Structure formats: C-alpha cells, structure tokens
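Given next are the chains, with one letter for each unit.
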Amino acid sequence: MAVWWSGDRHLMHYSISKQTKVLNKPEFVWSMSSPIVCGAVTECSCLVALALANNSVVIWDRFLGLSRKTVHVNDCGQISWVHFVSVPSPEKCISTESAVTLLVLLTTGSIYTVISTPHSDPVVTLVSTETLCDCEIPSTIKLIRGIPELILITRKDGRIFLHNIHLKEALCEVALPDCNCFNGCECFSIATVPAALGKMLYVLRTSVRTEDGGKAMYAYSCDDPSLFTVKMWLFPHLDDYLKETRLLPQPQIPCSRVSQNRIEEHILKTMQKRIADQPKRKDRLQKRWLQMKEELSQKLDVKVEKPVRA
C-alpha cells in the first residue's frame, strides 16, 4: 500500500502482508522534488504516476523502484487529476520497453496527454485548451473501457461531451432533457457511468440547493426523473468506435494467477534485459577504470614533482 500525506514530498510504501510490531514504519520511501498532488497506477500495478505541485509528472517503475521519466506539463494552472489511458489487457504486464499514455487535467480546464517511453523523452500533447469561463472547466473525466481514445467529459455547468484525444476534438454532446423538478435549483451534480463497452451511458443528475448557512444540501427524490439511460449506439458519430471486432472482451483469468504472472513476466524481462546489457557494462567499467588509473597517475606525478620547502 502506497500512501502520501497532503503537502508531503515522500511516497511511503507499507506492507500489509508482513506481521510486524511497528505498523507506522514504511518498507521504503520514494522522495520527490515537490509536494505530491495526485497520482495514478496502471491496471497491472507496474507503473505509478505522481503529479507534483510544480506541474511535473514522475513515472516510477514499482517493481524496480526506479524513476522512469520526469516531464513538466505546463506553467499555467495546477495538475488536479491524472490517469493512465493505455491500459493493458488483464493477462498482460507492461514491460520495460512499453510506451504508456497518461492523461493530465489542469485546474484551468486544459487537458494534456503524456506519452512516455523508456529510451526517449516524453511527448506532451495538448488535447483540450483552457477555458475562459469557470463553468466550462471539466469536473470529471471518465475513460470508456474498450475505446481508449474516447473520454467522457462532464463540465461544471452540467454539459457532457465525448472527446477524442487523438483527433483533439469533441465528437458529440450528450444532452439531457429539462425537468421541472430542477427548476429553481442553483446548480446540478452530475454523475456518469459508461457501461457495455461504451454502448450505454447512465447519468444521475441531482439538484443542489444552498442553505442559509452556505452549506450545500443534496436533494434526492425517487419521484424525480434524475436517472437517465443514454443509448450511445444511436449516435452516428460513434459507429466506427462501436464495432464489435474491436470491443471483444478479454478472457477472464483468476486474480491470484494474474498477479503471479505479472510479477514473473516483469522479472523475467528485466533479467533478460540486464543479461543482454552485461557486455556493455563490462566495457563501461573498463573505461572508467582506465580513466581513474590515468587520473591517479597524474596526481602521483604532480606530488612527486612538487618542490620540497627548505
């Protein structure tokens, strides 16, 4: 279990499987250059992304305990939410050579994608520009399982959009019918749940009223038509995304075997890579030894040539 405290620069890992008397002592600690704001983890738990207060994102390899990449997103606003987009299938594990895509949301409303590969610099791409009005800032972003290039954006004003992160444009808007039960309410609270691999969408709209003390009060009523079911396959712009050939579910594997296969596959690939790099490591060590030997001989020569004071 990984934990960080608000305003702290350390990510502390605790073991909940070992029996120890000291429960508040972490197994190991990862130190950051700035306080941690939010984080995300891949489905296979191999990579961990941490967003820092200086708008930098650090991607860590959880098994190796090493920082994979660090990238600065933008100077405007602050990172408020991150999530991995390229989620692998349940029976596979992200290797050390895999490229991952991270979705980043800033408080200004702008959305970025960060593509990280082990042997090249991360690529930061602007998906949605910042908004001029505060009500147009995204309040929640949901990923659609089976269609990784589409995201469901719910803005603070209650409008819902389907956005393509590759095309960098909104495909369509999910419009909800107006209800008399919401008239006179100051604002709405929208909760969205994509289902059936993007073919269905459930939307719960709740009225929010403000009491005299300024405290928000959520009003739920079974008589109010606040739960909506949207048939996404009726949207003509989504025909290419909802093809049956690309939405086949992955085979189910027992959880215990999945975890064991993930760790074993990750360790095997890491060991193979390190064994393949052994010849290069030998050459580097020999080169460093020759440099140290040359520096040592130069220092000895200077010491011998130094005149002795009378």
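Residues numbered from 1 in each chain as written. Predicted model: local features only at pLDDT ≥ 70, side-chain atom pairs only at ≥ 80, totals over all residues. Heavy atoms only, no water.

**Some thoughts on the overall build of the chain**
Our working rule: Per the convention used, a helix needs a DSSP run of H or I reaching at least four residues, while a strand needs a run of E reaching at least two, with both numbered from the N terminus. Under the scheme applied here, a residue whose accessible area is under 20% of the maximum for its type counts as buried, over 50% as exposed, and between as partly exposed, the area being computed with a 1.4 Å probe on protein chains only. What makes two residues a contact is simply this: any of their non-hydrogen atoms within 4.5 Å. Calculation of accessible area relied on Shrake-Rupley with a 1.4 Å probe; when residues are assessed, cover is drawn exclusively from the protein chains displayed.
Secondary structure assignment for the chain yields two helices and 19 strands. Across the 310 residues that make up the chain, the buried fraction comes to 35%. Restricting the contact set of the chain to residue pairs at least 6 apart, pairs at least 24 apart contribute 44%. When the accessible surface of the chain is totalled, it reaches about 19600 Å², and 55% of it is carbon and sulfur.

**Focus on the pairing of strand E9 (residues 100-106)**
Put simply, the test is: Two strands pair if DSSP finds at least two bridges between them.
With respect to burial, E9 is a largely interior element, seven of its seven residues being buried. Judged by which residues are buried, E9 turns out to be covered on both faces: Val100, Leu102, Val104 and Leu106 on one side and Thr101, Leu103 and Leu105 on the other are all buried. Bridge analysis of strand E8 (residues 79-84) against E9 gives five bridges, and the strand direction is antiparallel. Bridge pairing in E9 places Val82 opposite Val104. With six bridges connecting them, E9 and strand E10 (residues 111-117) associate as antiparallel partners. When the sheet's bridge partners are listed, Leu103 is paired in E10 with Thr113. Adjacent in sequence and paired antiparallel, E9 and E10 are bridged by four residues, among which Gly109 carries a positive phi angle near 100 degrees.

**Observations regarding the sheet that holds strand E11 (residues 120-128)**
The line we're drawing: Think of each axis as a best-fit line through the C-alpha atoms, taken over the contacting stretch in the case of a helix, with angles from 0 to 180 degrees between the N-to-C directions.
Taking strand neighbours across the sheet as the criterion, the four strands line up as E8-E9-E10-E11 in an open arrangement whose pairing is antiparallel. Unpaired on one side and paired on the other, E8 and E11 mark the two borders of the sheet. The mean angle between the axes of side-by-side strands here comes to 25 degrees, regardless of whether they run parallel or antiparallel. The pairing of E10 with E11 spans six bridges and is classified as antiparallel.

**Description of the pattern of salt bridges**
Opposite charge on two side chains makes pairing possible when the charged atoms of those side chains draw close. Definition in use: What counts as a salt bridge is simple: a side-chain nitrogen of Lys or Arg found within 4 Å of a carboxyl oxygen of Asp or Glu.
Summed over the entire model, instances satisfying the criterion amount to three salt bridges. In this structure, the salt-bridge partner of Asp134 is Lys156, at a minimum N-O distance of 3.8 Å. Placement of the pair is Asp134 in the loop between E11 and strand E12 (138-144) and Lys156 in the loop between strand E13 (147-155) and strand E14 (160-164), with a sequence separation of 22 residues. Given a relative accessible area of 44%, Lys156 falls into the partly exposed group.

**Some points on the sheet that holds strand E6 (residues 56-61)**
Taken in spatial order, the four strands of this open sheet run E4-E5-E6-E7, and their pairing is antiparallel. Of all the strands in the sheet, the pair left with one neighbour each is strand E4 (36-41) and strand E7 (66-72). The average angle at which neighbouring strand axes cross in this sheet is 20 degrees, direction not considered.

**Quick notes on the environment of Ile115**
If you trace the backbone, Ile115 turns up in strand E10. Along the chain, Ile115 and Phe84 lie 31 residues apart, while their C-alpha atoms are 9.9 Å from each other. Dropping the residues within four chain positions of it, Ile115 is found in contact with Val100, Thr101, Pro122 and Val123.

**Section: empty space enclosed by the protein**
We count it as follows: Cavities and pockets are found on a 1 Å grid laid over the protein atoms alone: a cavity is a set of points where a 1.4 Å probe fits but cannot escape, a pocket is an open set with protein on both sides within 12 Å along at least five of seven lines, and a lining residue has an atom within 4 Å of such a point. Grid points are joined across faces, edges and corners, and a volume is the space filled by probe spheres set on the points. In the scheme used here, Gly and all other residues not listed as nonpolar or charged are polar, with Ala, Val, Leu, Ile, Met, Phe, Trp, Tyr, Cys and Pro taken as nonpolar and Asp, Glu, Lys and Arg as charged.
Overall, the coordinates contain one cavity of 30 Å³ or more when judged by the stated rule. Looking at the largest cavity, the residues that line it are Ile144, Leu152, Leu162, Pro194, Gly198, Met200, Leu201 and Met232. Residues belonging to the lining of the largest cavity are distributed by class as follows: seven nonpolar, one polar and no charged.

**Considerations on the side chain of Asn164**
Under the convention used in this document: As used in this structure description, the phrase polar contact means that two N or O atoms lie within 3.5 Å; if the pair is within protein, one of them must be able to donate a hydrogen and the other to accept it, and residues adjacent in sequence are counted only when both atoms belong to side chains.
Locating Asn164 in the fold gives a position in strand E14. A polar atom in the side chain of Asn164 sits 3.0 Å from the backbone nitrogen of Leu167.

**Concerning the packing of aromatic side chains**
Convention followed: Stacked, edge-to-face and tilted are the three classes for Phe, Tyr and Trp ring pairs, Trp counted by its six-membered ring, which pair at centre distances within 6.5 Å; planes under 30 degrees apart are stacked, over 60 edge-to-face, the rest tilted.
The final tally for this structure, using the stated rule, is two aromatic pairs. An angle of 10 degrees between the planes, with centres 4.3 Å apart, marks the rings of Trp30 and Trp60 as stacked. Of the two residues, Trp30 is situated in strand E3 (residues 28-31) and Trp60 in strand E6; the sequence distance between them amounts to 30 residues. Using a relative accessible area of 10% as the deciding quantity, one classes Trp60 as buried. Among the aromatic side chains, those forming a connected cluster through ring pairs are Phe28, Trp30 and Trp60.

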